[in-house]
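# Geometric and topological summary
Chain residues, written in single-letter form:
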Amino acid sequence: HKKFIDPKTGLFEDKYLEKRNCPVCDSNNFSKLFQCSGGIYVKCNRCSMIYTNPVFTQDALNKYYSSLDNGHAELIDTESDFYREIFSNGLQSITKFITKGKILDIGCSSGFFLDCAKDLGWSTYGIELGQAESQVARSKGHIIYNCELETIDFDEKFDVVTLWDVFEHIPDGKQYLSLVYELLTDEGVLFLQIPSSDSLAAKILREQCKVFEGLEHCNMYNAKTLNSVLEACDYEMLQLVSVISEIAVMNNYFSYEDPYFGQTIYGENLLDCIDADFIHENLLGYKLQCVVKKSVRSKMT
């Protein structure tokens, strides 16, 4: 991020940015929350959406993502057991509603999720802007597009489209959901995993929480705002759950240690009183996972 930041202000340079209204309700009535890693997070006073304002222009974002190395892929390889469990849980959620066919993973990185899907018999496709990561994914036998979704002329539709930790990166979520809508079969489903602005960790740690990073995570949805954009784009919610409690991270913070590298002995419960079940039952986990389909109303029209 540092090369985009003005050292005098600690904020991203204006030449990369543009101001915007709320990406959910289009209101221009917002309150500033905090500055984080060069970006400014605000909260919409009408619908409670949290987002960066100003935001990187689409051209600046495209150049940024296309120039990234394969660091994310290396992270997934390092934490392969963790990611395999998360991806497997996502596939289990998907197969409750559709069990086979063509799956398109947008922002597929090196193709780890596609590997898991392929092992279960899915026909696997991916979109990845990073040159290095897309080459790795393609070498595994997946069909990979190394360009923006808007520029691809697909000659087929997909039974499943997935966005793993991608939707929060997209400034105009409604426009993107409309593009994805056209790619789905009539009975197809869309799967999203996104960080949650309502997570207990985010509310406690605020700008110290890794979910806020200034540049890439420009739209921070919660269950309410996510439902709003989905309904506006003619999607119907099938399942919504939270994952990753972050209890250890919060206990580190409460013990006056580094939240992510502390040595606290508390791991099973938050302050010995809140467990992971409570967190997820109340959608307070670090991330949200949802499965949605085209609404009945939209199919009729």
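Placed above this text is the structure.
I will try to describe carefully the structure that is included in this document. Worth saying up front: this structure is predicted, and the values here are computed from it rather than measured.

Definitions and cut-offs
- Residues numbered from 1 in each chain as written.
- Predicted model: local features only at pLDDT ≥ 70, side-chain atom pairs only at ≥ 80, totals over all residues.
- Heavy atoms only, no water.
- Helix = DSSP H or I, 4+ residues; strand = E, 2+ residues; numbered from the N terminus.
- Buried < 20%, exposed > 50% of the residue type's maximum accessible area, 1.4 Å probe, protein only.
- Polar contact = N/O pair within 3.5 Å; in protein donor to acceptor, adjacent residues only side chain to side chain.
- Contact = heavy atoms within 4.5 Å.
- Axes fitted to C-alpha atoms, helices over the stretch in contact; angles between N-to-C directions.
- Parallel < 35°, antiparallel > 145°, perpendicular 65-115°, else oblique.
- Left-handed = near helix turned anticlockwise from the far one by under 90°.
- Nonpolar A, V, L, I, M, F, W, Y, C, P; charged D, E, K, R; others polar.
- Pairing = 2+ DSSP bridges.
- Disulfide = S-S within 2.5 Å.
- Phe/Tyr/Trp six-rings, centres within 6.5 Å; stacked < 30°, edge-to-face > 60°.
- Lys NZ or Arg CZ within 6 Å of the ring centre and 35° of its normal.

## Examining the side chain of Q239
Within the element layout of this structure, Q239 appears in strand β14 (residues 235-243). The buried category is assigned to Q239, whose relative accessible area is 14%. Of note is the side chain of Q239, whose polar atom sits 2.9 Å from the side chain of S93. In terms of polar contacts, Q239 uses its side chain to reach the side chain of K96, at 3.0 Å. With near-sequence residues (within four places) excluded, Q239 lies in contact with S93, K96, F97, Q289, C290 and V291.

## A closer look at the packing of helix α3 (residues 80-94) against helix α4 (residues 112-119)
Contact geometry of α3 with α4 gives a least axis separation of 10 Å together with a crossing angle of 55°. The orientation of α3 relative to α4 falls into the category oblique. As for the relative orientation of α3 and α4, their crossing is right-handed in sense. Listed contacts from α4 to S80, R84, F87 and L91 of α3 are F112, F113, C116 and A117. Classifying every residue of the contact of α3 with α4 by side-chain character gives six nonpolar, one polar and one charged.

## With respect to the sheet that holds strand β4 (residues 30-36)
The strand order β4-β5-β6-β13 describes an open sheet built from four strands, whose pairing is antiparallel. The open sheet has two free edges, formed respectively by β4 and β13 (219-220), since each of these has just one partner strand. Note that β4 and strand β5 (residues 39-44) share six bridges and pair antiparallel. Bridge assignment links F34 to a residue of β5, and that residue is Y41.

## So, the state of the cysteines
All chains considered together, the criterion is met by zero disulfides. Among the cysteines around C22, which has no disulfide bond, C47 carries the closest sulfur, lying 3.6 Å off. Note on C44: no disulfide assigned, nearest cysteine sulfur contributed by C25 at a separation of 3.5 Å.

## With respect to the environment of F87
By secondary structure assignment, the location of F87 is in helix α3. A relative accessible area of 7% places F87 in the buried class. In this structure, the C-alpha to C-alpha distance between F87 and K294, residues 207 residues apart in sequence, is 23 Å. If near-sequence neighbours (up to four positions away) are discounted, F87 is found in contact with F112, F113, C116 and W164.

## Observations concerning the sheet that holds strand β9 (residues 123-127)
With mixed pairing, seven strands are arranged side by side in an open sheet as β10-β9-β8-β11-β12-β17-β14. The outermost strands of the open sheet, each flanked by one partner alone, are β10 (143-145) and β14. For this sheet the average axis-to-axis angle between neighbouring strands, irrespective of direction, equals 15°. Taken together, the three bridges between strand β8 (residues 102-106) and strand β11 (residues 158-164) define a ladder with parallel strand orientation. Directly across from L104, in β11, lies its bridge partner V161. Against the sheet, helix α6 (residues 173-183) makes contact with β8, β11, β12 (184-195), β14 and β17 (287-294), and its axis sits at roughly 145° relative to β12, the strand it touches most. The strands touched by helix α8 (residues 223-232) are β12, β14 and β17; relative to β14, the strand with the most contacts, the crossing angle is about 155°.

## Section: the packing of aromatic side chains
Summed over all chains, the structure comprises 21 aromatic pairs. A centroid spacing of 5.4 Å and a plane angle of 90° characterise the contact between F154 and F158, whose relative ring orientation is edge-to-face. Take F154: its relative accessible area is 14%, and that puts it in the buried class. F158 gets classed as buried once you look at its relative accessible area, which sits at 0%. Here the aromatic cluster, defined as three or more aromatic residues joined through ring pairs, consists of F82, Y83, F87, F112, F113, W164 and F191. Between K294 and the ring centre of Y181, over which it is positioned, the NZ or CZ distance is 4.6 Å.

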